[in-house]
Amino acid sequence: VQLQASGGGLVQAGGSLRLACAASGRTFGNYAMGWFRQAPGKEREFVAAISRSGSRTYYADSVKGRFTISRDNAKNTVYLQMNSLEPEDTAAYYCAAKSTSISIIYQTEISYDYWGQGTQVTVSS
């Protein structure tokens, strides 16, 4: 599956952005999806994940209550709605896909089979 992330940009603290990750090549509903981010000089970290059906979601503590992951299997797209953005959210954001036959979520990088290119999010103070 090929993944294409979009929606990044420059926003002031307190603002919002919605990232999208469009998938092509395989049946999107067979994949659990995740978002990760990597700030300059830091390791890539987990942000949010959603099961293949969309029935289960999970968030990093740092974004819980501010970010929402969702998916539209008819459009082969997963979204990350980011509200109340903080300068600490500045990073390149990556979407990832995990082929699975069960509706669970995955939190670790090594679990994922496919990665999209990053989309840059910059939050100014």
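Everything that follows concerns the structure shown earlier in this document.
Attention here is on the structure that accompanies the text. Computed from a prediction, not measured in an experiment: that's the story for all the values here. (Residues numbered from 1 in each chain as written. Predicted model: local features only at pLDDT ≥ 70, side-chain atom pairs only at ≥ 80, totals over all residues. Heavy atoms only, no water.)

Quick word on the pattern of salt bridges
Under the definition given, this model contains six salt bridges. Lys 64 serves as the salt-bridge partner of Asp 61, at 3.1 Å between the closest nitrogen and oxygen. Looking at Asp 61, the relative accessible area reads 65%, which means it is exposed. Between Asp 89 and Arg 66 there is a salt bridge whose closest N-O contact spans 2.7 Å. Of this pair, Asp 89 sits in the loop between β8 (77-82) and β9 (91-99) while Arg 66 sits in the loop between β6 (57-59) and β7 (67-72); the two residues are 23 residues apart in sequence, bridging distant segments of the chain. With respect to class, Asp 89 is no different from Arg 66; both count as buried. (Salt bridge = Lys/Arg side-chain N within 4 Å of Asp/Glu carboxyl O. Buried < 20%, exposed > 50% of the residue type's maximum accessible area, 1.4 Å probe, protein only. Helix = DSSP H or I, 4+ residues; strand = E, 2+ residues; numbered from the N terminus.)

Comments concerning the nonpolar core
Counting 38 residues, the largest nonpolar core has Met 33, Trp 35, Leu 80, Met 82 and Tyr 93 as its most contacted members. Elements supplying a minimum of two residues to this core: β1 (2-6), β3 (17-24), β4 (31-38), β5 (45-50), β7, β8, β9 and β11 (119-124). Discounting chain neighbours no more than four positions away, the residues touching Tyr 93 are Leu 19, Trp 35, Phe 36, Arg 37, Val 47, Phe 67, Leu 80, Met 82, Gln 117, Gly 118, Thr 119 and Val 121. (Core = buried A, V, L, I, M, F, W, Y, C linked by side-chain atoms within 4.5 Å. Contact = heavy atoms within 4.5 Å.)

What about the state of the cysteines?
The final tally for this structure, using the stated rule, is one disulfide. The residue that forms a disulfide with Cys 21 is Cys 95, at a sulfur-sulfur distance of 2.1 Å. Judged by the sign of its S-S torsion, about 60°, the cystine formed by Cys 21 and Cys 95 is right-handed. With Cys 21 in strand β3 and Cys 95 in strand β9, this pair connects stretches of sequence that are 74 residues apart. A relative accessible area of 0% means that Cys 21 is categorised as buried. (Disulfide = S-S within 2.5 Å.)

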